[in-house]
Amino acid sequence: MSNILHFNLSCIESILDVPATLSKPNKKWHSAFATIYCSRALHSLLNKKKSSKLPLSTPSFVVVSVEPHVAFSNIDHTSLTAVVKEKNLDQLRELGGVEGVADALKTDTKNGIHGAVEDVAERQETFGSNTYPRPPTKSFFYFVLEAFKDLTILILLACATLSLGFGIKEHGLKEGWYDGGSIFVAVFLVISVSAVSNFRQNRQFEKLSKVSNNIKVEVVRDGHRQQISIFEIVVGDVVCLKIGDQVPADGLFLDGHSLQVDESSMTGESDHVQVNSTQNPFLFSGTKVADGYAQMLVTSVGMNTIWGEMMSTISRNINEQTPLQARLNKLTSSIGKVGLAIAFLVLVVLVVRYFTGNTEDENGNQEFYGSKTKADDIVNAMVRIIAAAVTIVVVAIPEGLPLAVTLTLAYSMKKMMADQAMVRKLPACETMGSATTICTDKTGTLTLNQMKVTKYWLGKEPVEDSSSIASNVLKLIQQGVALNTTGSIYRATSGSEFEFSGSPTEKAILSWAVLELDMDMERLKQNHTILHVEAFNSEKKRSGILMRKKADNKMHVHWKGAAEMILAMCSSYYDASGSMKDLDDAERMTFEQIIQGMAASSLRCIAFAHKQIPEEEQEISEGWQRLTEDSLTLIGLVGIKDPCRPGVRKAVEDCQYAGVNVKMITGDNVFTARAIATECGILRPDRDMNSEAVVEGEVFRKYTPEERMEKVDKICVMARSSPFDKLLMVQCLKQKGHVVAVTGDGTNDAPALKEADIGLSMGIQGTEVAKESSDIIILDDNFASVATVLRWGRCVYNNIQKFIQFQLTVNVAALVINFVAAVSAGEVPLTAVQLLWVNLIMDTLGALALATEQPTKELMEKPPVGRTEPLISNIMWRNILAQALYQIAVLLTLQFRGESIFGVSEKVKNTLIFNTFVLCQVFNEFNARKLEKKNVFKGLHKNKLFLGIIGMTIILQVVMVEFLKKFADTERLNWGQWGACIGIAAASWPIGWVVKGIPVSDKPFLSYLKW
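Only a predicted model underlies this, so the values are computations on that prediction, with no experimental measurement involved.

Draft legend 1. Region of the structure containing the overall build of the protein. When its secondary structure is counted, the protein shows 37 helices and 26 strands. Buried residues in the protein amount to 53% of all 1011 residues. Across the protein, every contact between residues at least 6 apart in sequence was considered, and the portion connecting residues at least 24 apart equals 72%. Summing over all exposed atoms, the protein offers an accessible surface of approximately 45700 Å²; the carbon and sulfur share of this is 56%.

Here it is in structure tokens:
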């Protein structure tokens, strides 16, 4: 029926679409034909639809009856949304319960919605999509206005306005606009570059935010479990939930066991809420699954959910300050105060010199003649003096420092994304550079997470061929695998391949049972009823079910989990022939040796156990919430191989070489853990095989606080650990002064991820709870990506230091030159426009050039940078002072002896000073690339942006000197003068080379200043 409807609607649409080329009479004919056709089509539709007895009337009336929404006409979505939001059980029963709602939404509770493109589109149109409007993004003009709020910029604009006014009044419009106009242009250039940088960075964060919100959700569509984006979920979808998942929309509980939900994000209550089909079947978007597993029916999406309403009003704060930015702001403030003091002194000196008649104009005439001087001339002179003083402040305040941090963080975030690491919290970028210890998981991080059952032991014998397994044991093992699992099996047709879904361990066991043991999961589920489930979590390391056989009504308990834990619950076992035997101490020892042997071969050992509940205990068991945990019979042991990731050993060695300890924390037993750790290079066979290097979580937990603090540095591997043990280790390491990075994927890892200095969650296996608690998401779950994050963290810190060195050299040189010249000669050699140009070169372009350097191997050859170490190291002070002193000496020589040395006028001399000063910064930018290494050109060809900026700076400088004489207040220079400027500036390279050979002490140069 719906297909006919769609076909007729599409026909109607094509007929109603009147071509624009038709003449007026033809259009009327077209309309008449369309009206007749529509009436007939609708009439035939209504005749076919027996239940509808609507009279044929005006076309507008009929259109309502054929809207696509008619497919869900027997349910009012508004009232359904209200039922869930208000947790109204009575109203839900009136709607026919969960099954009634599923029928109304045309959802098969087992197979989900059909999932065809038309079906999904129709549901989105009827009920809305699972998205919510974001607050509008900040426009470019917002950042321009933000830049205008800077006080120094406002003062400069005021000076420019006054200068422009007086200049035009004095010299006329043609000549008088140069001074004021050039300051205006320079200020606007600085503002534009700053606004563009901030705008681009804001856009980048917006993109990252979209990526981080795009969660993958498992749904059942057309009987097939599949992963889709959270934004693609529609009303009627059947969603599969497990521990750690975020509930993606509002809905109703369909099927599942032991489901507990953390609703603290909605209600603020920390207690977990039990969700089931009888008392509380309501699930809310944004809440987290704390325990158990379930399937839910989606009833509301997007803005129709409480979470959607909340989230649409929240915008992500991208202006959070990182620790490094806070430290740089202090540094900027300190330098600014020094600059302000010098600018004030220059202002006072210039004003005093002017009013005492010690200044001359361009023609050599005295500027101030007491009462004879015109008021306009005095104001003009004062504007010029104030502009010069303010410009000194602009140059002194290194606004480029925060910009450099922002640029390098934005750049590194973008590059890290390409290297499979998504930064959720900016400070983590920097902190990672200081990391001294990495605590890593084993499964999926050090290993491939591609698990396969390679061994099966029945009794004390390994089973090579499944046909030799006794039939009674085979039935039990099939029951234990098929019913005690959160995984599923899908097969499109009888001839097609099986598709397994679930965790890697579940998939490995299901694959083995289906392909090797010929298990029919669907038939087993039909023949048994599951009464109670204890879901697996990382503390218990086991899962169990209580089930009833439909054929004989007998009840059985099935357990599976970590081999030694299941073995401890058993009192008997099945041997190879299928006979049950008692498990005495000697036999138990034999099984422990089998488990240890499998573990030593890097196999993860899983055991299956079973118990039939006696008839007299069946009623008690059915009402009892805990499963029997003793006197079980061991069915068998399976060994699962999870190979190490290629390249992981190299990544571990890189971290160790960089002075970072790598510790492995795993839930596997001590033998498996030791074998994998040795394979990955965390344990070295010659040195670390003592008992102190490998410890079990329980043993570590039982140490006294003093023992823990003493032994924590020596521990390389912690086996059979719980999330609490991981948290305890992180706390101990932090107390000892370590900067700790932790990887985690489970819900229970959240406390350790939050406690660590850098929390690294896994993008593939990680639960939503773990991701939300982390700072960085490792998208490919690979330890090599963790090592890459470490390299980038160090690169961020190193790039900032390079820029500080470059910036402070310019600051010191510009301040000293202007101050000495102002005090001694009564004039500032570098004009406001020239200083603003220098400011643009060093602040914005310099930040872009130095903040975008790629990580190098050298970064991993040094020990980690301590959190309390000063930003400006002794090495940097050595480089800064050497270059600044050279620049000051050369430029002051030019200031006082330049005219006689070159035989030029004062204006040409000032141009030589300006040109030499700018070229010194260009050459010094190369020196800043390497803080310690003498070869500053290594890897230069890889940074195209750096070369581009250097080239652009030189071209613009030539244009400033040669073509913008009036704008920049310069004179054209001849080839010899250009050669002299370049020669003086190029001398900074050999000076840098020599200076880097001077040794420096470890004690901070400014240890008394806390920056």
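Draft legend 2. Spotlight on the nonpolar core. In terms of nonpolar packing, the biggest core is built from 151 residues, with Ile 682, Ile 776, Phe 783 and Ile 804 touching the most fellow members. Of all the elements, helix H30 (residues 783-825) adds the most residues to this core, at 20 residues. By size, the runner-up hydrophobic cluster in this structure holds 41 residues, among which are Ile 233, Val 247, Ala 249 and Leu 254.

Draft legend 3. Molecular detail of the pairing of strand E19 (residues 603-612). With 9 of 10 residues buried, E19 lies mostly within the body of the structure. With 7 bridges joining them, strand E16 (residues 555-562) and E19 adopt antiparallel strand pairing. Following the sheet pairing, His 556 is matched in E19 by Gln 612.

Draft legend 4. Structural context of the packing of helix H21 (residues 585-600) against helix H24 (residues 670-680). H24 packs onto H21 with a crossing angle of 15° between their chain directions and a minimal axis gap of 7 Å. On the basis of the axis angle, H21 is roughly parallel to H24. Along this stretch, H21 crosses H24, giving a crossing that reads as right-handed. On H24, the residues that touch Gln 596, Ala 599 and Ala 600 of H21 are Phe 671, Thr 672 and Ala 675.

Draft legend 5. Geometry of the sheet that holds strand E24 (residues 740-744). As summarised here, the arrangement of the 8 strands in space is E8-E26-E25-E24-E9-E21-E23-E22, forming an open sheet in which the pairing is mixed. Strands at the two margins of the open sheet, each flanked by one partner only, are strand E8 (421-423) and strand E22 (694-696). Here the average twist between neighbouring strands, direction ignored, is 20°. Pairing between strand E25 (residues 758-762) and strand E26 (residues 776-778): 3 bridges, direction parallel. Counted as the bridge partner of Leu 760 is Ile 776 from E26. Against the sheet, H24 touches strand E21 (661-665), E22 and strand E23 (717-719), its axis set at about 150° to E23.

Draft legend 6. A look at the packing of aromatic side chains. The tally for this structure, following the rule as stated, stands at 15 aromatic pairs. Ring centres of Tyr 142 and Phe 143 lie 5.2 Å apart, and the angle between their planes is 85°; on these two criteria the pair is classed as edge-to-face. Here Tyr 142 falls in the partly exposed class, since its relative accessible area comes to 33%. A relative accessible area of 11% means that Phe 143 is categorised as buried. With centroids separated by 6.1 Å and ring planes inclined at 65°, the aromatic side chains of Phe 143 and Phe 199 adopt a geometry described as edge-to-face. With Phe 143 in helix H8 (residues 140-148) and Phe 199 in helix H10 (residues 178-213), the pair connects residues that are 56 residues apart, well separated along the chain. Of the two residues, Phe 143 and Phe 199, neither departs from the other in class, the shared state being buried. An aromatic cluster is present here, built from Phe 140, Phe 141, Tyr 142, Phe 143 and Phe 199 joined pairwise through their rings. When the ring centre of Trp 559 is taken as origin, the NZ or CZ atom of Arg 542, which lies over that ring, is 5.4 Å away. Against the face of Phe 946 rests Arg 929, its NZ or CZ located 5.6 Å from the ring centre.

Draft legend 7. Local environment of the side chain of Thr 436. Within the element layout of this structure, Thr 436 appears in the loop between helix H16 (427-431) and strand E9 (437-440). Since its relative accessible area comes to 18%, Thr 436 is described here as buried. A polar atom in the side chain of Thr 436 sits 3.1 Å from the side chain of His 738. Ignoring any residue separated from it by four or fewer positions in sequence, one finds Thr 436 in contact with Gly 659, Val 660, Asn 661, His 738, Val 739 and Pro 864.

Draft legend 8. Expanded view of empty space enclosed by the protein. Taken as a whole, this structure holds 2 cavities of 30 Å³ or more when the rule is applied. In this structure, the largest cavity encloses a volume near 60 Å³. If you go around the largest cavity, the residues you meet are Gln 805, Thr 809, Asn 879, Ala 882, Gln 883, Asn 924, Asn 927, Gly 992, Val 995 and Lys 996. Looking at the lining of the largest cavity, the elements with two or more residues in it are H30, helix H32 (874-902), helix H33 (906-927) and helix H37 (988-995). Here the lining of the largest cavity takes 3 residues from H32, the largest share from any one element.

Draft legend 9. Spotlight on the pattern of salt bridges. If you walk through the whole model with that rule in mind, you get 30 salt bridges. Of the charged contacts in the structure, one is a salt bridge between Asp 520 and Arg 523, with a shortest N-O distance of 3.8 Å. Of the residues examined, Asp 520 reaches a relative accessible area of 35% and is grouped as partly exposed. The partner of Lys 650 in a salt bridge is Asp 654, with the nearest N and O atoms 3.0 Å apart. Here Asp 654 and Lys 650 lie together in helix H23 (residues 648-657), a separation of 4 residues that amounts to about one turn. Counted as one network, the salt bridges with shared partners bring together Lys 442, Arg 604 and Asp 668.

Draft legend 10. Just the side chain of Asn 910, in detail. Note that Asn 910 resides in helix H33. Since its relative accessible area comes to 17%, Asn 910 is described here as buried. Beyond its immediate sequence surroundings of up to four residues, Asn 910 is in contact with Pro 829 and Gln 895.

Draft legend 11. Quick look at the environment of Lys 702. Summarising the element assignment, Lys 702 is placed in helix H25 (residues 697-702). Assessed through its relative accessible area of 64%, Lys 702 is described here as exposed.

Draft legend 12. Inspection of the packing of helix H31 (residues 832-851) against helix H34 (residues 944-962) at higher detail. Contact pair H31 / H34: the axes reach a minimum separation of 9 Å and the direction vectors enclose 165°. By the angle between their axes, H31 is roughly antiparallel relative to H34. Every pair of crossing elements has a handedness; the one defined by H31 and H34 is right-handed. Touching Trp 837, Ile 841, Leu 845, Leu 848, Ala 849 and Leu 850 of H31 are Leu 945, Phe 946, Ile 949, Met 952, Thr 953, Leu 956, Gln 957 and Met 960, all from H34.

Draft legend 13. Looking closely at a positive patch on the surface. Judged by side-chain charge, Arg 200, Arg 203, Lys 207, Lys 210, Lys 414 and Lys 415 come together as a positively charged surface patch. When residues of the positive patch are traced back to their parent elements, those giving at least two are H10 and helix H15 (400-418). Looking at the positive patch, the element that brings in the most residues is H10, giving 4 residues. Of note, Lys 207 is situated in helix H10.

Draft legend 14. Here's a closer look at H8. Listed in full, the buried residues belonging to H8 are Phe 143, Val 144 and Ala 147. Down the axis of H8, the smallest arc covering the buried residues is 105°, so these residues share one side. Relative to its buried face, H8 has exposed residues pointing more than 90 degrees away, namely Phe 141 and Leu 145.

Draft legend 15. Inspection of the environment of Asn 214 at higher detail. By secondary structure assignment, the location of Asn 214 is in the loop between H10 and strand E1 (216-221). With relative accessibility at 33%, the residue Asn 214 sits in the partly exposed group. Through-space distance from the C-alpha of Asn 214 to that of Ile 230 is 6.3 Å; in sequence the pair is 16 residues apart. In contact with Asn 214, not counting residues within four places along its chain, are Ser 229, Ile 230 and Phe 231.

Draft legend 16. View of unusual backbone geometry. In this structure, Gln 420 takes a positive phi of about 70° despite not being glycine. Position of Gln 420 among the secondary structure elements: in the loop between H15 and E8. Look at Ser 631: it is not a glycine, yet its phi comes out positive at around 55°. Mapped onto the elements, Ser 631 comes out in the loop between helix H22 (615-623) and strand E20 (632-641). Under the relative-accessibility criterion, Ser 631 is labelled partly exposed at 39%.

How each quantity is defined
- Residues numbered from 1 in each chain as written.
- Predicted model: local features only at pLDDT ≥ 70, side-chain atom pairs only at ≥ 80, totals over all residues.
- Heavy atoms only, no water.
- Helix = DSSP H or I, 4+ residues; strand = E, 2+ residues; numbered from the N terminus.
- Buried < 20%, exposed > 50% of the residue type's maximum accessible area, 1.4 Å probe, protein only.
- Contact = heavy atoms within 4.5 Å.
- Areas by Shrake-Rupley, 256 points an atom, 1.4 Å probe, with all protein chains shown as cover.
- Core = buried A, V, L, I, M, F, W, Y, C linked by side-chain atoms within 4.5 Å.
- Pairing = 2+ DSSP bridges.
- Axes fitted to C-alpha atoms, helices over the stretch in contact; angles between N-to-C directions.
- Parallel < 35°, antiparallel > 145°, perpendicular 65-115°, else oblique.
- Left-handed = near helix turned anticlockwise from the far one by under 90°.
- Phe/Tyr/Trp six-rings, centres within 6.5 Å; stacked < 30°, edge-to-face > 60°.
- Lys NZ or Arg CZ within 6 Å of the ring centre and 35° of its normal.
- Polar contact = N/O pair within 3.5 Å; in protein donor to acceptor, adjacent residues only side chain to side chain.
- 1 Å grid on protein atoms, 1.4 Å probe; cavity = no way out; pocket = protein on both sides within 12 Å on 5 of 7 lines; lining within 4 Å.
- Points joined across faces, edges and corners; volume = space filled by probe spheres on them.
- Salt bridge = Lys/Arg side-chain N within 4 Å of Asp/Glu carboxyl O.
- Patch = residues over 30% accessible without salt bridge, like charges linked within 9 Å, V, L, I, M, F, W, Y side chains within 5 Å.
- Lys, Arg positive; Asp, Glu negative; His and termini not counted.
- Charge placed at Lys NZ, Arg CZ, Asp CG, Glu CD.
- Arc of directions from axis to C-beta.

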